[in-house]
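Each chain, written out:
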Amino acid sequence: MKSMVRCAALDMSGLAAQEAHGKREDRTSQQRKVRDVEPDVFRGLDLRKLYDAHIDGVKQNAGAKKPVLHFIVRFPPELLDQDGKHFKGTKEQRQRMMLRQAITFINQTHGGDAVFAARLDKDELGETIADVFAAPKYEKRTKRTPTDKKGPIWASATKFGKELADKHQEEILRRHPGAKGTLQGPRAVGIALNAEWRNWFERVNELKLSPKVEKVSGRADRLETEAFKDVQDQKLKLAEEQKTLREREAAVAEKEKALSDLEAQLEEQQGTFQAHSDMQEIQRRDLRK
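Engineer: Would you mind showing me how to read the sheet that holds strand β2 (residues 40–42) here?
Structural biologist: Hydrogen bonds along the backbone pair up the strands of a sheet, which may run parallel or antiparallel. Read from one edge to the other, the open sheet built from five strands follows the order β1-β4-β6-β5-β2, with strand pairing classed as antiparallel. Each edge of the open sheet is held by one strand with a lone partner, namely β1 (4–10) and β2. Across the sheet, the mean angle separating the axes of adjacent strands is 15° when strand polarity is ignored. Relative to strand β6 (residues 129–134), strand β5 (residues 115–120) runs antiparallel, the two being bridged by five bridges.

Below you can see the structure in the form of structure tokens.
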């Protein structure tokens, strides 16, 4: 079984695009749709309103251009076929469990109050992918903050990712031969996020994931949503081509049957005509006699 997490930072236009996608208002979502099934949703699909409510009264760096994190949590498709510790019940119950686990994981690794919306689409070919939207928050304390009072609440899209990178620095450095110093860039955060997810998933569900294939590359682990779901688009295209081929084969078979029926009718008519001709010839001979 394979599983992974990907993350992309979004600005407000990116968040609006994701809202349109979740509401099935864009072309891509219509192309991917293969069945009429509503998604499992946490809090709602109005992402901008939910984000604004989530950060109401929260401070953040004025220079933060992409304050929202979009996590894509891909669960093993096999979970819809076999029972684990938690993944029992109907298909719908298992999918709701996947969404809950994705939300719980992101919150636990990003300060406890990060997720403001999430959904799991069930109208696409892939039915085990959760989209989680977060704006991680934390209490900012300084030397001036009284010990008996809480500090102001801030939002940060990078703080907890860097902390994860620090935690998994040994693995990150092993995959970056020759690197010096502490690595906290997008690729490092991606490696750390997936390492944390694997550990969390296996511990919580008492299920072992397939051994991961480590890559040594400067290519970022954080991928935009379209790049991550490209494989689903390819599967959808293949399914559509196969459907078209089946329809053409059915049409050819139908035409062949119609032609066969027509030939049988012609043969029957020819037989009737020949029999009628023979009868007329006999009658003519009788008259001559």
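Right, picking up where we left off after that structure.
Engineer: Hey, could you run me through a nonpolar patch on the surface in this one?
Structural biologist: A cluster of nonpolar side chains, L259, L262 and L266, forms an exposed patch at the surface whose accessible area comes to about 270 Å². Along the chain, L259 falls in helix α9 (residues 230–288).

Engineer: Is there a simple way to think about the side chain of S3 in this case?
Structural biologist: Mapped onto the elements, S3 comes out in the segment before β1. Taking relative accessible area as the criterion, S3 reaches 10% and is therefore assigned buried. In terms of polar contacts, S3 uses its side chain to reach the backbone carbonyl oxygen of R74, at 2.5 Å. There is a polar contact of 2.8 Å between the side chain of S3 and the side chain of W197.

Engineer: Hey, could you run me through the pairing of β6 in this one?
Structural biologist: Residues in a regular strand point their side chains to alternate faces of the sheet. Within β6, six of the six residues are buried, leaving the element largely enclosed by the surrounding structure. Going residue by residue along β6, you find I129, D131 and F133 tucked away on one face and A130, V132 and A134 tucked away on the opposite face as well. Where strand β4 (residues 68–74) lies against β6, six bridges are found, and the strand directions are antiparallel. Of the residues in β6, the one forming a bridge with F71 is V132.

Engineer: Before we go on, may I ask you to explain helix α1 (residues 12–22) in this structure?
Structural biologist: One turn of an α-helix holds 3.6 residues; hence residues three or four places apart share an orientation. Taken as a whole, α1 has its buried residues at G14, L15, Q18, E19, H21 and G22. Projected down its long axis, α1 carries its buried residues within an arc of 160°, all on one side. R24 sits one or two positions beyond α1 and adopts a positive phi of about 60°.

Engineer: Could you clarify how one ought to interpret the pairing of β4 in this entry?
Structural biologist: With seven of seven residues buried, β4 is to be regarded as a mostly interior element. Neither face of β4 is left uncovered, since the one carrying V68, H70, I72 and R74 and the one carrying L69, F71 and V73 both have all their residues buried. Across seven bridges, β1 lies against β4 in antiparallel orientation. Note that in β4 the partner of L10 across the bridge is V68.

Engineer: Before we go on, may I ask you to explain the layout of surface pockets in this structure?
Structural biologist: Gaps between atoms show up when a probe of the same size as a water molecule is rolled over them. Each pocket or cavity is described by its volume, and for the second largest pocket that value is around 230 Å³. A64, A155, S156, A157 and T158 are, among the 18 residues lining the second largest pocket, the residues nearest its centre. In terms of residue class, the lining of the second largest pocket is built from 10 nonpolar, four polar and four charged.

Thresholds, definitions, all that
- Residues numbered from 1 in each chain as written.
- Predicted model: local features only at pLDDT ≥ 70, side-chain atom pairs only at ≥ 80, totals over all residues.
- Heavy atoms only, no water.
- Pairing = 2+ DSSP bridges.
- Helix = DSSP H or I, 4+ residues; strand = E, 2+ residues; numbered from the N terminus.
- Axes fitted to C-alpha atoms, helices over the stretch in contact; angles between N-to-C directions.
- Patch = residues over 30% accessible without salt bridge, like charges linked within 9 Å, V, L, I, M, F, W, Y side chains within 5 Å.
- Areas by Shrake-Rupley, 256 points an atom, 1.4 Å probe, with all protein chains shown as cover.
- Salt bridge = Lys/Arg side-chain N within 4 Å of Asp/Glu carboxyl O.
- Buried < 20%, exposed > 50% of the residue type's maximum accessible area, 1.4 Å probe, protein only.
- Polar contact = N/O pair within 3.5 Å; in protein donor to acceptor, adjacent residues only side chain to side chain.
- Arc of directions from axis to C-beta.
- 1 Å grid on protein atoms, 1.4 Å probe; cavity = no way out; pocket = protein on both sides within 12 Å on 5 of 7 lines; lining within 4 Å.
- Points joined across faces, edges and corners; volume = space filled by probe spheres on them.
- Nonpolar A, V, L, I, M, F, W, Y, C, P; charged D, E, K, R; others polar.

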